[in-house]
Amino acid sequence: MKLDSMYQDVILDHYKHPHGRGLRDGDAEVHHVNPTCGDEITLRVRLEGTTIGDVSYEGQGCSISQASASVLNELLVGKQLGEAQKIQETFLELMQSKGQVEPDDAMEEVLEDAVAFAGVSKYPARVKCALLSWMAWKDATAKALSEEAKTA
Amino acid sequence: MTQLPGLLDTEAIRKDFPLLDRQVHDGKKIVYLDNAATSQKPRQVLDALSAYYERHNANVHRGVHVLAEEATALYEGARDKVAAFINAPSRDEVIFTKNASESLNLVANMLGWADEPYRVDRETEIVITEMEHHSNIVPWQLLSQRTGAKLKWFGITDDGRLDLSNIDEVITEQTKIVSFTLVSNIMGTVNPVETIVRRAQEVGALVCIDASQAAPHMVLDVQALQADFVAFTGHKMCGPTGIGVLWGRQELLEDLPPFLGGGEMIETVSMHSSTYAPAPHKFEAGTPPIAQAVGLGAAVDYLTSIGMDRIAAHEHAITEYAVKRLLEVPDLRIIGPSTAEDRGATISFTLGDIHPHDVGQVLDEQGIAVRVGHHCARPVCLRYGIPATTRASFYLYSTPAEVDALVEGLEHVRNFFG
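Each value, and the rule that gives it
- Residues numbered from 1 in each chain as written.
- Chains lettered and ligands numbered in written order.
- Predicted model: local features only at pLDDT ≥ 70, side-chain atom pairs only at ≥ 80, totals over all residues.
- Helix = DSSP H or I, 4+ residues; strand = E, 2+ residues; numbered from the N terminus.
- Buried ≥ 20, exposed ≤ 12 C-beta atoms within 10 Å, placed from the backbone.
- Contact = placed C-beta atoms within 7 Å.
- UniProt positions renumbered as here; feature names shortened; annotations may be inferred.
- Domains from an automatic or database assignment.
- Pairing = 2+ DSSP bridges.
- Axes fitted to C-alpha atoms, helices over the stretch in contact; angles between N-to-C directions.
- Nonpolar A, V, L, I, M, F, W, Y, C, P; charged D, E, K, R; others polar.

## Points about the overall build of chain B
For step 1, the next point in the chain: A count of helices and strands for chain B gives 14 helices and 17 strands.
For step 2, the next point in the chain: Here the C-alpha coordinates of chain B stretch approximately 70 × 55 × 35 Å along the principal axes.
For step 3, the next point in the chain: Counting all 418 residues of chain B, 52% fall into the buried class.
For step 4, the next point in the chain: If you take every contact in chain B between residues at least 6 apart in sequence, the share linking residues at least 24 apart comes to 70%.

Written out as structure tokens, the structure is:
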């Protein structure tokens, strides 16, 4: 059934048991909203040199947006910035594929649990939900880096 | 099948709406419960649209050829039909716009450029309510920002009604315009027009009514409302998109300045200045949405042939049944009036902690079309501390069986996320 392709068990599991939820110390904070549905996220990034020390977040939204933030936390914390950016770009590519990209082994290796969102890309109205936290992360990281550049 | 008093012969009516036969998601018959967003269109309207384009298409006014005359007669004929539909004292009080948003923006801009006694400035106040659609909030915020006028509003009670307890403090001698919705697009609340109009008239304020969610569903009599302006849109009342209406009192339309300038709205033009055509043309710059107006005329004929009072009775019966059935669903909370009294056929609700997006998605899989989100009425969601709602909205072709399908669908949603 199509519905199951969107609501993979991995997604529902992250939704019910989110990783790293709650706001903690960070170098930069952003607030992103999805104006069409009112979903919101406040997200902080803490860098340790070129490593992502923490991504903490708080927000409200549907299972897809909440699960996506949880997966992001699990996937990116502890990664080198360059590697994290690659994961983000790969995730973006998958989500913008309109269901046309069948994740291969290489993609699965990069995205791990985030591959479960492949089914969501078939639903244009829900792609934004899945991308909300990822766009917030990208924004917050850029902000943290520019703060760092200013103080350096 | 559930029989309720006051129901229309939906079996016959549904035959007029080709889309209602549509199947989605591998053979599931569509259950269309998103009528507050837009209605489906009867064959009579679709035929009027194609007949116009196939046989009569031309630009309106001033043409001397037969097609231009036919197109003009059809376009102006639609104005007559709409005028009769809303009991306007004069057909010249009916202005065609693109939609209700444009109608409301038109009123705000007429007042924004007006001289005394209509002038809105930093000494004056604009009054709206917390339950407005964004289209009846943002134009007034813009007018307030541009003129310095103070924007005030009525709050909402826990039960989804306007809180008019402080009406004398909200509407004062400084109030120039009071603009409010007749029926809430998110909660279905029918507002007490008379109380608000009486107070506005006491202080000499103009009254603008957003009737977008009223015109499709009940008898709309602009004279009985005693308002100065009434706005609504065509596509929610069986008409096509791209056509809206602003009704305004004749002397106001004569006094107030035009907003959009262009062809059709003028009397004479020189390189230095222009004089304007009388209303309604003064407010209809450029080629109007001709086919859409013709389609709206056909929609008005269609609704009138059934009877707006009978449509209202049908929807009341459906609403009463839907409220009762929905309240049987565990963890379901209706946002808005929890009875069918003084409410239209639009019901918003939350379902436990399940996000409306997820509710809507699982319902869609069963062929049930509802709307999820803040419904362009975000202040209402903020008022009740919720991010969004699921909204089911009914119309003249809705059936008790569709209410049952929704309730069953919600059970499925609960199981899925349980």
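That covers the picture; the talk isn't over yet.
## Describing the UniProt feature "domain: Aminotransferase class V" (unreviewed entry) in chain B
For step 1, the next point in the chain: As annotated by UniProt and renumbered to match this structure, "domain: Aminotransferase class V" (unreviewed entry) occupies residues 31-406 of chain B.
For step 2, the next point in the chain: The distance separating the terminal C-alpha atoms of residues 31-406 of chain B is 8 Å; by composition the span is 38% helix and 17% strand.

## Some points on the domain arrangement of chain B
Where the parts come together, the accessible area they lose is often given as the size of the interface.
All names here are of chain B.
For step 1, the next point in the chain: Here chain B is described as being made up of domain 1 (10-32 + 307-417) and domain 2 (46-305).
For step 2, the next point in the chain: Distance from the C-alpha centre of domain 1 to the C-alpha centre of domain 2: 28 Å.
For step 3, the next point in the chain: Taken together, the contact pairs 24 residues of domain 1 with 23 residues of domain 2.
For step 4, the next point in the chain: Of all the secondary-structure elements, those providing two or more residues to the side of domain 1 that touches domain 2 are α11 (308-327), β14 (346-351), α13 (378-383) and β17 (389-393).

## Some points on the environment of Pro240 of chain B
Residues and elements named next belong to chain B.
For step 1, the next point in the chain: Along the polypeptide, Pro240 turns up in the loop between β9 (229-233) and β10 (244-248).
For step 2, the next point in the chain: For Pro240 and Thr157, which are 83 residues apart along the polypeptide, the C-alpha to C-alpha distance reads 35 Å.
For step 3, the next point in the chain: In this view, Pro240 contacts Lys41, Val45, Leu49, Gly234, His235, Gln292 and Gly295; residues no more than four positions away in its chain are not counted.

## Re the sheet that holds β10 of chain B
All names here are of chain B.
For step 1, the next point in the chain: Across the sheet, seven strands lie side by side as β4-β10-β9-β8-β7-β5-β6; this open sheet has mixed pairing. Sheet topology places β4 (94-97) and β6 (150-154) at the edges, where each strand pairs with a single neighbour. Averaged over all adjacent pairs, the angle separating strand axes in this sheet is 20 degrees, with direction ignored.
For step 2, the next point in the chain: The pairing of strand β8 (residues 206-210) with β9 spans three bridges and is parallel. Note on β9: the bridge partner recorded for Cys208 is Phe229.
For step 3, the next point in the chain: Across the face of the sheet, helix α4 (residues 100-112) comes into contact with β4, β7 (175-181), β8, β9 and β10 while running at roughly 35 degrees to β10.

## Side note on the interface of chain A and chain B
For step 1, the next point in the chain: If you look at the interface, chain A gives 11 residues, while chain B gives 12 residues.
For step 2, the next point in the chain: In the side of chain A that touches chain B, the residues fall into four nonpolar, five polar and two charged.

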